[in-house]
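Fold and geometry: a report
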Amino acid sequence: MASASLQRLPVQMLGDLVSPRALERILQDAAQARGSTLDTLDPAMLEDILKREVFKRLQLSVPAPLAKKRVSEVLNELMKTTQERQLPSPVVSSLVGLEDGARRFTLYFDWPETQRLRGVLSVARQEEKEGRDISALVLEGQNLIEVMDRRLQEGLVEQGQDLAELRATFTRVQGMGGKEVRRLETLIGQIDEAQSQGTLLPGEVERARNITFNLRKLLESSVVQAVQNVDTAEIPTSATILDPDAQARVLALEQAHAAQQLGTLEREFAPLMQARPDLRAQHDALRGLQHGNQLTADTVENWREQLKFERETVLGEQRSRLAQLETALAGAVSGADMRIALDSARHLLDMGSLATDELQELSAMHESLQAGVNAQSQLAAQRELLDIERSARNVLGASAELAPLLAQARAELAQGREADVTALWNLLERRMGAAAQEREDFDARADRVVQEYDTVRSLAGETTQKLGRLADTLRAQRRLGRMSAQARERYEQTLLDAEALLAEAHAEYRAAQEVTATFGQDALSGLLDVFDFEEATDTSLLAAAPTPSADPFAALGTLPAAPVTPPATAPAPAPTLSASALFDTLLSSIGTPAAPPPAPAPAEPAGFPVAFSLPQVPTPDSEAVTTWLFQHGQIHHGPHEPAAQGMLALLTQASALGLQRLDMNDATHVWSARSSAPGEWRLGRAVTWTALDERVGPWLDTGEN
């Protein structure tokens, strides 16, 4: 029993690099060469096989360093499980282990693997009563449980990410009040509890997303300020909002929500798209619209309705096909495989789920029975083709490349010829090797993001908070073992989003340091009222900033980030910062040492145009007043001094935020800036506000003396 468990260890841990069938053959041949069998393998013999035959075979698919790393991981696990005597039991004479494993997934009755396992257990119980060997059935059941466990862990990582985003949004809308906010709070509590228990609640997550979407639209459009009861407010759309800035914010929300809904449809209707390549092509076209920011909610909803209609059509076709196969196979001797496939197909179709794989397996059995003398060999070949097809679904790009070759192989079998299955496995394994190398690159990038996040996490601001949530997600994704194609795609997207936010965080940090060095700590404090006023539509109704929430991935365990030296990169252009992000970043840097205040401004240059000359209004203390005109990121008029350069950077960001007026002060001067045209700013500086208002106030307001 221990030996059977030992041989499963490398298959479980290396199955993403080499096909399980190939690994089993390698282990079997190596054991025979040592005068042993798979059933009598001991840890020392398996260790030698891993270091020799398995390591050599892996190098055909992946680079030697990666092969060595993965073999070392198997050896470490082998040592640990041997020392702790916690080797999993193969349960060759009992179904208790399978039944215990199946109970973990009772809630997920709509998963195809759940129904398949149900069929395996039903047939295995009957076979065991009749005294037949059920080791093959138990092995299939264990494989199904491993697949479902991997699917559950991937789902918990995604749900943890959703939970973190829902919590962050709730802190923004909490102050709005109303029944929808209370309903959102209840849903977040339910999802939080389920996450801590390792349970998926996709329905609750979807409802919470929809509520936050509508509340965010109310908030971003400022509609919430014009109504006394949020619950009675009409949900705005980008088409009904007149203010350009609010319209842009709501449009961005709508596009993000539509993209999220499209991803949900892809997961929900994945079996349908697998059965209908034409629908997959249409879905990929919609993803193209999404990447071009042209996807709308109406388009996604229409697509959802079309998919529902097509699914009902395919369900009808598959039910008819099942009835035909049941009739055709009624007189045949029904083995365990046939009974499992029939049972699984019936239950899946009765629940409204597609049974494409099961029907394909039954069709292969029917064709094999019609082949006569070569029935068993043809059935074995058909099953192997189906194994290749299923394995290819978890390797990006493999399904598309193998589809025509699989069709050709099945056609050859139908004509009574042998198919070259080895060539198909080799092609798949090359893809698996490339995917494994890509995964190593993903992990290295994730380590770098997490490590660099630690250098900017002290900054306050929305950018850093978002980056922190993505860093938590990357840690959880990195802990996953073998990944499905969907989980790998989500991993890549999280990396891209996190790397973009990391660049923004570094840009915010540089901006904060630049302003602090130029204007000093008092200038940063003087910005408080400006940004508070600009962000009033976002913050006037909200609760205080939230304290860091509990880790949504706590139930998944922890993994310390591997030390990775970040590569040197050229400074990226400073991204456009949001008002809250810029202000919070500036505020967080107040504690840093300030540079000496700028020297008093020199007199106006002789060439200063008459149109911008200072009005000769006497002041009691004859204060010096300096003015600048900035146009499209350049100093058009006014002295080119360090203080002006620093203010130019600040006003450029202010333009991106839609600000039109800034009043601030540093240790020695007061500053006021106005903008009445895109890309143009008028700036004045004096010792007191009185002098600034009396001498250049009209010019700052209108551009005229």
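Quick summary incoming for the structure in this document. Treat the numbers as computed from the prediction; the structure is a model and nothing was measured.

1. Quick word on the sheet that holds strand 1 (residues 626–631)
- Across the sheet, five strands lie side by side as 2-1-5-4-3; this open sheet has antiparallel pairing. The open sheet terminates on both sides in strands that have one partner only, identified here as strand 2 (634–637) and strand 3 (661–665). Pairwise comparison of adjacent strand axes, ignoring direction, gives a mean angle of 25° for this sheet.
- Sheet analysis places strand 1 next to strand 2, joined by three bridges and oriented antiparallel. The residue bridging L629 from the neighbouring strand is H637, located in strand 2.
- Of the strands in this sheet, strand 1, strand 3, strand 4 (670–677) and strand 5 (680–686) touch helix 25 (residues 689–702), which is tilted by about 165° from strand 5.

2. Re helix 2 (residues 20–33)
- Here helix 2 spans 20 Å end to end across 14 residues, near enough to the 20 Å set by a 1.5 Å rise per residue.
- One or two residues past the end of helix 2 sits G35, with phi positive at roughly 75°.

3. A short note on helix 10 (residues 244–268)
- With 25 residues, helix 10 extends 36 Å between its outermost C-alpha atoms, agreeing within 8% with the 36 Å of an ideal straight helix rising 1.5 Å per residue.
- Taken together, the buried positions of helix 10 are A246, V250, L253, E254, H257, A258, A259, Q261, L262, T264, L265 and E266.
- Packed against the buried residues of helix 10 are helix 9 (202–220), helix 11 (270–275), helix 12 (277–291) and helix 13 (297–328).

4. Quick notes on the packing of helix 5 (residues 96–103) against helix 6 (residues 112–129)
- At a minimum axis separation of 11 Å, helix 5 and helix 6 run at an interaxial angle of 155°. One element, helix 5, and the other, helix 6, form an angle in the roughly antiparallel class. As for how helix 5 packs across helix 6, the hand of that crossing is left-handed. For the pair helix 5 and helix 6, the contacting residues are L98, E99 and A102 in the first and L117, L121 and R125 in the second.
- By residue class, the composition of the contact of helix 5 with helix 6 is four nonpolar, no polar and two charged.

5. Section: the pattern of salt bridges
- Using the criterion set out here, one finds 56 salt bridges in the structure.
- For E438, the salt bridge goes to R488, with nearest N and O atoms at 3.7 Å. Here E438, found in helix 18 (residues 421–456), pairs with R488, found in helix 20 (residues 485–526); they are 50 residues apart in sequence, far enough to count as distant.
- Since its relative accessible area comes to 27%, E438 is described here as partly exposed.
- Judged by relative accessible area, R488 falls into the buried class, the value being 10%.
- Residues participating in the shared-partner salt-bridge network are E266, R280, D284, R287 and E489.

6. With respect to the side chain of R685
- Its place among the elements puts R685 in strand 5.
- Note on R685: relative accessible area 1%, which makes it buried.
- A distance of 2.8 Å separates the side chain of R685 from the side chain of E641, its partner in a polar contact.

7. A look at the pairing of strand 5
- Of all seven residues making up strand 5, six are buried, and the element is well covered by its neighbours.
- Direction of pairing for strand 1 relative to strand 5: antiparallel, over a ladder of six bridges. Bridging across to strand 5, T627 finds its partner in G684.
- Note: strand 4 against strand 5, six bridges, orientation antiparallel. Looking at strand 5, one finds that A673 is bridged to L683.
- In this antiparallel pair of consecutive strands, strand 4 and strand 5, the connection spans two residues, and G679 shows a positive phi of 80°.

Thresholds, definitions, all that
Residues numbered from 1 in each chain as written. Predicted model: local features only at pLDDT ≥ 70, side-chain atom pairs only at ≥ 80, totals over all residues. Heavy atoms only, no water. Pairing = 2+ DSSP bridges. Helix = DSSP H or I, 4+ residues; strand = E, 2+ residues; numbered from the N terminus. Axes fitted to C-alpha atoms, helices over the stretch in contact; angles between N-to-C directions. Contact = heavy atoms within 4.5 Å. Expected span 1.5 Å × (residues − 1). Buried < 20%, exposed > 50% of the residue type's maximum accessible area, 1.4 Å probe, protein only. Parallel < 35°, antiparallel > 145°, perpendicular 65-115°, else oblique. Left-handed = near helix turned anticlockwise from the far one by under 90°. Nonpolar A, V, L, I, M, F, W, Y, C, P; charged D, E, K, R; others polar. Salt bridge = Lys/Arg side-chain N within 4 Å of Asp/Glu carboxyl O. Polar contact = N/O pair within 3.5 Å; in protein donor to acceptor, adjacent residues only side chain to side chain.

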